[in-house]
Amino acid sequence: MSMARRLKVLFLCTGNSCRSQMAEGWARALKSETIEPYSAGIEARGLDPLAVRVMAEAGVDISGQRSKTVDAVRDVPFDCVVTLCGHANETCPLWLSGKARVIHVGFEDPPALARQARSEEEILAIYRRVRDEIRSFVEKLPDRLLKESAWPQ
């Protein structure tokens, strides 16, 4: 693959507030030479401040990203759509998956898990764990895609 040809990857989640934002941030920070990352949601719920906080702890600033629906990226010809939650996988708009490869990798929802937490430290631990799991996935993403499919040059 030519370095000039970056894969257009959409990270899709239900609300585009946490997991998909983290994935976009990691892809931008770790894989900018091979991935042109985007994130969107079935809905737009706003950027989760705790996601911003734990990403900043890891040296990735996502504070300038914005929560948006898939309609905001309708005209982007994606190579790959990565659904990060079951709901997004089940309701991924057909026009998104037309020519793009769709990969589902479910990550737990930090805001939902945080409702059961008893302290701020427990909440942050949940967000950090999911952040690190998403980082691990993103670190392997271009190699995984290149092995699974022959992309146009």
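Residues numbered from 1 in each chain as written. Predicted model: local features only at pLDDT ≥ 70, side-chain atom pairs only at ≥ 80, totals over all residues. Heavy atoms only, no water.

(A) Up close: the nonpolar core. Core analysis: the largest hydrophobic core is formed by 42 residues, its most contacted members being Val9, Phe11, Met22, Phe78, Ile134, Phe137 and Val138. Breaking this core down by element, the ones donating at least two residues are strand 1 (7-13), helix 1 (19-30), strand 2 (35-41), helix 2 (49-57), strand 3 (80-83) and helix 5 (120-148). The greatest single-element share of this core, amounting to seven residues, is contributed by helix 5. Look past the residues within four positions of methionine 22 in its chain and what remains in contact with it is Ala51, Val54, Met55, Tyr127, Arg131 and Ile134. (Core = buried A, V, L, I, M, F, W, Y, C linked by side-chain atoms within 4.5 Å. Buried < 20%, exposed > 50% of the residue type's maximum accessible area, 1.4 Å probe, protein only. Helix = DSSP H or I, 4+ residues; strand = E, 2+ residues; numbered from the N terminus. Contact = heavy atoms within 4.5 Å.)

(B) Highlighting the environment of alanine 112. Relative to the helices and strands, alanine 112 resides in helix 4 (residues 110-114). Put simply, alanine 112 and isoleucine 126 are 14 residues apart on the chain and 10.0 Å apart in space, counted from C-alpha to C-alpha.

(C) Structural view of the side chain of lysine 68. Turning to its location among the elements, lysine 68 is positioned in the loop between helix 2 and strand 3. This buried residue, lysine 68, is left without a salt bridge; glutamate 24 holds the nearest opposite charge, at 4.1 Å. Polar contacts involving the side chain of lysine 68 include one to the main-chain carbonyl oxygen of arginine 66, which spans 3.1 Å. Once residues lying within four places of it in the same chain are set aside, the contact partners of lysine 68 are Asn16, Glu24, Ser39, Ala40, Gly41, Glu43 and Ala44. (Lys, Arg positive; Asp, Glu negative; His and termini not counted. Salt bridge = Lys/Arg side-chain N within 4 Å of Asp/Glu carboxyl O. Polar contact = N/O pair within 3.5 Å; in protein donor to acceptor, adjacent residues only side chain to side chain.)

(D) Spatial organisation of the packing of helix 1 against helix 2. In the contact formed by helix 1 and helix 2, the axes pass within 10 Å of each other and the chain directions differ by 25°. When the axis of helix 1 is compared with that of helix 2, the two are roughly parallel. Helix 2 is crossed by helix 1, and the crossing has right-handed handedness. Of the residues in helix 2, those in contact with Met22, Gly25 and Trp26 of helix 1 are Ala51, Val54 and Met55. Residues that form the contact of helix 1 with helix 2 fall into these classes: five nonpolar, one polar and no charged. (Axes fitted to C-alpha atoms, helices over the stretch in contact; angles between N-to-C directions. Parallel < 35°, antiparallel > 145°, perpendicular 65-115°, else oblique. Left-handed = near helix turned anticlockwise from the far one by under 90°. Nonpolar A, V, L, I, M, F, W, Y, C, P; charged D, E, K, R; others polar.)

(E) Main features of the confidence of the model for the protein. When pLDDT is averaged across the protein, the result is 87; 85% of the residues are at 70 or more. The secondary structure element of the protein with the lowest average pLDDT is helix 3 (residues 86-91), at 75, and the one with the highest is helix 2, at 98. (pLDDT = per-residue confidence, 0-100.)

(F) Representation of the packing of aromatic side chains within the structure. In total, this model carries two aromatic pairs according to the counting rule given. Aromatic pair tyrosine 38 and phenylalanine 78: ring centres 5.2 Å apart, planes at 85°, arrangement edge-to-face. With a gap of 40 residues between them, tyrosine 38 in strand 2 and phenylalanine 78 in the loop between helix 2 and strand 3 connect regions that are remote in the sequence. Of the two residues, tyrosine 38 and phenylalanine 78, neither departs from the other in class, the shared state being buried. Here phenylalanine 107 and phenylalanine 137 contribute two aromatic rings whose centre-to-centre distance is 6.1 Å and whose plane-to-plane angle is 70°, an arrangement assigned as edge-to-face. (Phe/Tyr/Trp six-rings, centres within 6.5 Å; stacked < 30°, edge-to-face > 60°.)

(G) Looking closely at helix 1. When the terminal C-alpha atoms of helix 1 are compared, their 16 Å separation across 12 residues agrees well with the 16 Å that a helix rising 1.5 Å per residue should span. For helix 1, a buried count of nine out of 12 residues is recorded, marking the element as mostly surrounded by other parts of the structure. (Expected span 1.5 Å × (residues − 1).)

(H) The sheet that holds strand 4 (residues 101-104), seen in detail. The parallel open sheet is built from four strands, whose spatial order is 2-1-3-4. Two strands lie at the open edges of the sheet, namely strand 2 and strand 4, each paired on one side alone. With strand direction ignored, the average angle separating the axes of adjacent strands in the sheet is 20°. Where strand 3 lies against strand 4, four bridges are found, and the strand directions are parallel. Bridge pairing in strand 4 links threonine 83 to histidine 104. Against the sheet, helix 1 engages strand 1 and strand 2, with an angle of about 170° to strand 2. (Pairing = 2+ DSSP bridges.)

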